[in-house]
Amino acid sequence: LAKTTQPISMDSYEGQEVNITCSHNNIATNDYITWYQQFPSQGPRFIIQGYKTKVTNEVASLFIPADRKSSTLSLPRVSLSDTAVYYCLGELIWGAGTKLIIKP
Amino acid sequence: SAVISQKPSRDICQRGTSLTIQCQVDSQVTMMFWYRQQPGQSLTLIATANQGSEATYESGFVIDKFPISRPNLTFSTLTVSNMSPEDSSIYLCSVEFGVAEAFFGQGTRLTVV
């Protein structure tokens, strides 16, 4: 049975790089890994998606090792507005969410 | 991308009653999804709704409790039937473009008293 696990919370400071890692036990070979951001009282917002190796877009990078048992979302130079809950998703199974708090 | 409008944004309902949540998308989509998010928790998929066929429900969710309509490619409804306080949650609809890139509505915050 597939399971997605991520840390409950993280703190960081403005300007730092933040890495959030998710474990994907028993993820199916054909499933993508996706990360979402959610602010209070809003629906989740797509950040990035990947299958293997590294993917980069204008807001984040996603690292997925060859065994695909984990994924790491990397947010470069975070700001206060990046304070949110970040969810990883694999095989339609959502992680519990990581509450990221950015301090000045 | 897609703009998804959900109505109502919130409601307080009496136990034993039913509430229908509407989801309107600004473009035609094949698949629409309904999720539940209980306070402080992750999202749980309730069902997948394809136009022209019956919705597919995930384990723990049944059609009698959560009937879904999908009359066309831009609209869907989810009804929460015979509500109890345990149904108090945020309900979200989403649509998917490409491989698992989903867009979500703002959600409907339901409180059952």
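What counts as what
- Residues numbered from 1 in each chain as written.
- Chains lettered and ligands numbered in written order.
- Predicted model: local features only at pLDDT ≥ 70, side-chain atom pairs only at ≥ 80, totals over all residues.
- Heavy atoms only, no water.
- Helix = DSSP H or I, 4+ residues; strand = E, 2+ residues; numbered from the N terminus.
- Rg over C-alpha atoms; globule rule 2.2 N^0.38 Å.
- Buried < 20%, exposed > 50% of the residue type's maximum accessible area, 1.4 Å probe, protein only.
- Contact = heavy atoms within 4.5 Å.
- Areas by Shrake-Rupley, 256 points an atom, 1.4 Å probe, with all protein chains shown as cover.
- Lys, Arg positive; Asp, Glu negative; His and termini not counted.
- Charge placed at Lys NZ, Arg CZ, Asp CG, Glu CD.
- Salt bridge = Lys/Arg side-chain N within 4 Å of Asp/Glu carboxyl O.
- Pairing = 2+ DSSP bridges.
- Axes fitted to C-alpha atoms, helices over the stretch in contact; angles between N-to-C directions.
- Buried area = accessible area lost by both parts, 1.4 Å probe.
- Polar contact = N/O pair within 3.5 Å; in protein donor to acceptor, adjacent residues only side chain to side chain.

Visitor: What exactly am I supposed to notice about the overall build of chain A here?
Guide: Broken down by element type, chain A carries zero helices and eleven strands. Written out in order from the N terminus, the α and β elements of chain A read β-β-β-β-β-β-β-β-β-β-β. Radius of gyration (C-alpha) of chain A: 13 Å, near the 13 Å computed for a compact globule of 104 residues. Projecting the C-alpha coordinates of chain A onto the three principal axes gives extents of approximately 40 × 25 × 20 Å. Per-residue burial for chain A yields a buried fraction of 44% across its 104 residues. Of all intrachain contacts in chain A linking residues separated by at least 6 positions in sequence, the fraction that spans at least 24 positions is 53%. Just so you have it, chain A exposes about 5,300 Å², and 52% of that area is on carbon and sulfur atoms. Of the charged side chains in chain A, 9 are positive and 8 negative; the average position of the first set lies 3 Å away from that of the second.

Visitor: Quick question: what am I supposed to make of the pattern of salt bridges here?
Guide: All names here are of chain B. The full count for this structure, using the stated rule, is two salt bridges over all chains. A salt bridge links lysine 65 to aspartate 87; the shortest N-O distance between them is 2.6 Å. In this pair, lysine 65 sits in the loop between β6 (56-57) and β7 (68-72) while aspartate 87 sits in the loop between β8 (75-80) and β9 (89-97), placing the two residues 22 residues apart along the sequence. When its relative accessible area of 21% is taken as the criterion, lysine 65 is described as partly exposed.

Visitor: Explain the sheet that holds strand β8 (residues 70-75) of chain A here, please?
Guide: Residues and elements named next belong to chain A. Strands sit in the order β1-β3-β8-β7-β6 across an open sheet of five strands; the sheet is antiparallel. Every interior strand has two partners, whereas the edge strands, β1 (3-5) and β6 (53-56), have only one. Neighbour-to-neighbour, the strand axes of this sheet turn through a mean angle of 15°, independent of strand direction. The pairing of β1 with strand β3 (residues 18-25) spans three bridges and is classified as antiparallel. Pairing of threonine 5 across the sheet is with serine 23, part of β3.

Visitor: In this structure, what is going on with the interface of chain B and chain A? I would like to understand it.
Guide: Accessible area lost upon the coming together of the parts serves often as the stated size of an interface. With 15 residues of chain B at the contact, the number on the chain A side is 15 residues. Approximately 1,300 Å² of surface area, both sides summed, lies buried where chain B meets chain A, with 54% of it carried by carbon and sulfur atoms. The interface formed by chain B and chain A includes zero salt bridges. The tally of links between chain B and chain A comes to five residue pairs in polar contact (both at pLDDT 80 or more). Looking at the side of chain B that touches chain A, the elements with two or more residues in it are β4 (31-37), β5 (43-50) and β10 (101-104) of chain B. By residue number, the principal contributor to the side of chain B that touches chain A is β10(B), which donates three residues.

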